Amino acid sequence: MSKEYMVFTRKHRPQTFDDIMGQDQVSLTLKRAIEQGRIMQAYLFSGPRGVGKTTTARVFAKALNCEKGPAVNPCNSCSICREITQGNSMDVMEIDGASNRGIDRIRELREQVAFAPSASRYKVYIIDEVHMLTTEAFNALLKTLEEPPKHVIFIFATTDPQNIPQTILSRCQHFRFKRASLNTITLNLRMIAEKEGISAEEEALYIIARAADGALRDGQRIFDQAITYSKGETLTAGIVGEMLGEIETEKLLQLADFIVEKNLAGAIRIMETIFEGGYDLKNFVREFAEIFRNILIIKTLEDRQGADVSDEVFEKAKAISKKTSRENFLYILEKAVGLEQRISRSYIPDIVVETFIVNAILFLGGEIKTGMSETGKKEP
Ligand SMILES: Nc1ncnc2c1ncn2[C@@H]1O[C@H](COP(=O)(O)OP(=O)(O)O)[C@@H](O)[C@H]1O
Ligand SMILES: [Mg+2]
Ligand SMILES: [Zn+2]
């Protein structure tokens, strides 16, 4: 057997309804529909990222198309099942709505839809991030949804159901996927640990589950990272905490760099990952002030005295410290210190933080970069 490395999110993607965790309502209804042969032509799967929408769409497609089916439990061994698992079935198409927003792709799709499936019962179109389609694309899609050929099934997935036109919604059966609970994520990680023969403290899994913020995918990713980080040692709460801390420091340094570079787009992007990551904002602001304080000290004293940081952080902070004046650092630091209180009093803490960043960048003046340069380095 080859021991090729495969990331957990691929290796442990559920292949049956029973393996999909925390979405029992959805699974149960879909299973019943298969048993009773009541298959609709359009489904909408909505819910947060990384909770099983695409996974469920694929299992459903398999259940419908399996050579031994339609069956609630697809066999997962016939060529049709295997092709769907590998993502190269001719009859189960996955389209990313975010990168195929336009009318052309949907027109193309409308032409394809008319042809019978090549090897299976149904042609299944899974359109991810469907809310990203343009109005014209939605209109074209609607025409197909009004009179779909019998062999076609659409499964739309979205994190943003409120941005889908009512005309489309009214033609879909809507399934709402839930955020995964801490308990579900911890359980999922424990299962993977057992399958992989990895020893991990319960507390370590719990910390990962918290950082995953409701997404099983993120839980598995962080778990994967933590195992690499721990270099084969038992995964302890200490190791996980340390790793997550390093990721956070890296983010904070990047944000500080984007601010002094006046790269507004970059700074906002980092903030989005922080909002999405479900960090405690007050904690984040406190640590941000801490980093800024260290940068200011490094700038002033030009050595490590008084700056309580690792060598690696010191080098990065020093580079950032050279990019603007002491007065500017002081100004931003003072604003950052007041921020924590303003956040606690606000109903919209994320906007308070974002305003602070825009403010800081405007204060630094000069030319503001709104382009999406990845590194925040000065463009020539
Ligand atoms: N409900 C779930 N049960 C078990 N694993 C899950 C679940 N949801 C997501 N995962 C894991 O996360 C990965 C990505 O899930 P995916 O179905 O693509 O999420 P979504 O489409 O909702 O963003 C899967 O391959 C799987 O490893
Ligand atoms: Mg998906
Ligand atoms: Zn099969």
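Quantities reported herein were computed from a predicted structural model and do not represent experimental measurements. (Residues numbered from 1 in each chain as written. Chains lettered and ligands numbered in written order. Predicted model: local features only at pLDDT ≥ 70, side-chain atom pairs only at ≥ 80, totals over all residues. Heavy atoms only, no water.)

Q: Please explain helix 6 (residues 135–146) as it appears in this structure.
A: In an α-helix, one turn spans 3.6 residues, which is why side chains three or four residues apart end up on the same side. Here helix 6 spans 16 Å end to end across twelve residues, near enough to the 16 Å set by a 1.5 Å rise per residue. Of the positions making up helix 6, those classed as buried are A137, F138, A140, L141, L142, T144 and L145. Elements that come into contact with the buried residues of helix 6 comprise strand 1 (42–46), helix 5 (103–113), strand 4 (152–158) and helix 7 (166–169). (Helix = DSSP H or I, 4+ residues; strand = E, 2+ residues; numbered from the N terminus. Expected span 1.5 Å × (residues − 1). Buried < 20%, exposed > 50% of the residue type's maximum accessible area, 1.4 Å probe, protein only. Contact = heavy atoms within 4.5 Å.)

Q: Can you walk me through the site of ligand 1 in this structure?
A: Contacts to ligand 1 come from 18 residues, most closely from T9, G50, T54, T55 and Q220. Within the backbone of G52, a nitrogen or oxygen atom sits 3.0 Å from a nitrogen atom of ligand 1. Side-chain polar atom of K53 to an oxygen atom of ligand 1: 2.8 Å apart, as the coordinates give it. Protein chains shield 96% of the accessible area of ligand 1, which is 560 Å² for the free molecule. Using a 2 Å cut-off from the grid points, one finds that ligand 1 occupies the second largest pocket. Residue assignment for the shell around ligand 1 shows that the elements contributing at least two residues are helix 3 (53–65) and helix 10 (216–230). The residue inventory of the shell around ligand 1, partitioned by class, reads six nonpolar, eight polar and four charged. (Near = heavy atom within 4 Å. Polar contact = N/O pair within 3.5 Å; in protein donor to acceptor, adjacent residues only side chain to side chain. Areas by Shrake-Rupley, 256 points an atom, 1.4 Å probe, with all protein chains shown as cover. 1 Å grid on protein atoms, 1.4 Å probe; cavity = no way out; pocket = protein on both sides within 12 Å on 5 of 7 lines; lining within 4 Å. Sits in = over half its atoms within 2 Å of the grid points. Nonpolar A, V, L, I, M, F, W, Y, C, P; charged D, E, K, R; others polar.)

Q: Where do I start with the coordination of the zinc ion (ligand 3) in this structure?
A: Geometrically, a metal with four donors at the corners of a regular tetrahedron has ideal angles of 109.5 degrees, and one with six donors at the corners of a regular octahedron has ideal angles of 90 or 180 degrees. Those protein atoms acting as donors to the zinc ion (ligand 3) are C66 (SG), C75 (SG), C78 (SG) and C81 (SG), and they sit at 2.3 to 2.4 Å. For the zinc ion (ligand 3), the four donor atoms are set out with angles of 101 to 119° between them, so the coordination reads as tetrahedral. Look at where the donors of the zinc ion (ligand 3) fall in the sequence and you get C-x8-C-x2-C-x2-C. (Donors = N, O, S within 2.8 Å, 3.2 Å for Na, K, Ca; no water. Tetrahedral: all angles 85-135°; square planar, octahedral: opposite > 155°, others 65-115°.)

Q: Can you walk me through the nonpolar core in this structure?
A: A general trend in soluble globular proteins is that nonpolar side chains are found buried together. Ranked by size, the top nonpolar core spans 42 residues in total, and within it L255, I259, F284, F288, V353 and I357 carry the most contacts. Elements supplying a minimum of two residues to this core: helix 11 (237–260), helix 12 (264–276), helix 13 (281–301), helix 14 (311–321), helix 15 (326–345) and helix 16 (349–364). The leading source of residues in this core is helix 13, at eleven residues. Apart from residues no more than four positions distant in its own chain, L255 is found in contact with A267, I270, M271, F284, F288 and I357. Core analysis: the second largest hydrophobic core is formed by 28 residues, V26, A57, A61 and F175 among them. (Core = buried A, V, L, I, M, F, W, Y, C linked by side-chain atoms within 4.5 Å.)

Q: When you look at the pairing of strand 4 in this model, what are you seeing that I'm missing?
A: In the case of a regular strand, side chains alternate between the two sheet surfaces. Across the seven residues of strand 4, seven count as buried, placing the element largely inside the fold. The alternating pattern of strand 4 places V152, F154, F156 and T158 on one face and I153, I155 and A157 on the opposite face, and all of these are buried. As paired elements, strand 1 and strand 4 share five bridges and run parallel to each other. Within the sheet, the bridge partner assigned to F45 lies in strand 4 and is A157. Inspection of the sheet shows strand 3 (residues 123–128) paired to strand 4 by five bridges, in the parallel sense. Within strand 4, the residue paired with I127 across the bridge is F156. Once the chain exits strand 3 it traverses helix 6 before rejoining the sheet at strand 4, and the crossover so formed is right-handed. (Pairing = 2+ DSSP bridges. Right-handed = clockwise from strand over helix to strand, strands pointing away.)

Q: Just checking my understanding: could you explain the sheet that holds strand 5 (residues 173–176) for this structure?
A: Within a sheet, each strand pairs with its neighbour through backbone hydrogen bonds, oriented either parallel or antiparallel. Taken in spatial order, the five strands make up an open sheet running 2-3-4-1-5, and their pairing is parallel. Every interior strand has two partners, whereas the edge strands, strand 2 (92–96) and strand 5, have only one. Across this sheet, the average inter-strand angle for adjacent strands is 20°, counted without regard to direction. As defined by bridge partners, strand 1 adjoins strand 5 across four bridges and the pair is classed as parallel. Of the residues in strand 5, the one forming a bridge with L44 is H174. (Axes fitted to C-alpha atoms, helices over the stretch in contact; angles between N-to-C directions.)

Q: Please clarify how the side chain of H151 should be interpreted in this entry.
A: Relative to the elements of secondary structure, H151 occurs in the loop between helix 6 and strand 4. Classification of H151 as buried rests on a relative accessible area of 17%. Beyond its immediate sequence surroundings of up to four residues, H151 is in contact with V113, A114, F115, A116, P117, R121, Y122 and K123.

Q: Help me understand the layout of surface pockets in this model?
A: The method is simple in principle: a probe with the dimensions of a water molecule rolls over the atoms, and the space it marks as empty is what remains. Roughly 470 Å³ of internal volume is contained in the second largest pocket. Lining the second largest pocket are 25 residues; nearest its centre among them are R13, G50, G52, T55 and R217. The set of elements that each furnish at least two residues to the lining of the second largest pocket consists of helix 1 (8–11), helix 3, strand 4 and helix 10. Here the element with the most residues in the lining of the second largest pocket is helix 10; it accounts for four residues. Considering only residue class, the lining of the second largest pocket consists of six nonpolar, ten polar and nine charged. The two domains that each donate at least three residues to the lining of the second largest pocket are domain 1 (8–176) and domain 2 (182–235). (Points joined across faces, edges and corners; volume = space filled by probe spheres on them. Domains from an automatic or database assignment.)

Q: Explain the side chain of T54 to me, please; I cannot follow it from the model alone.
A: Structurally, the position occupied by T54 is in helix 3. Judged by relative accessible area, which is 18%, T54 ranks as buried.

Q: What's the story with empty space enclosed by the protein in this structure? I'm lost.
A: In the structure shown here, the tally under the stated rule is one cavity of 30 Å³ or more. What lines the largest cavity is simply L255, F284, V285, F288, L339, V353, F356 and I357. Contributing elements (two or more residues each) for the lining of the largest cavity: helix 13 and helix 16. Considered class by class, the residues forming the lining of the largest cavity number eight nonpolar, no polar and no charged.

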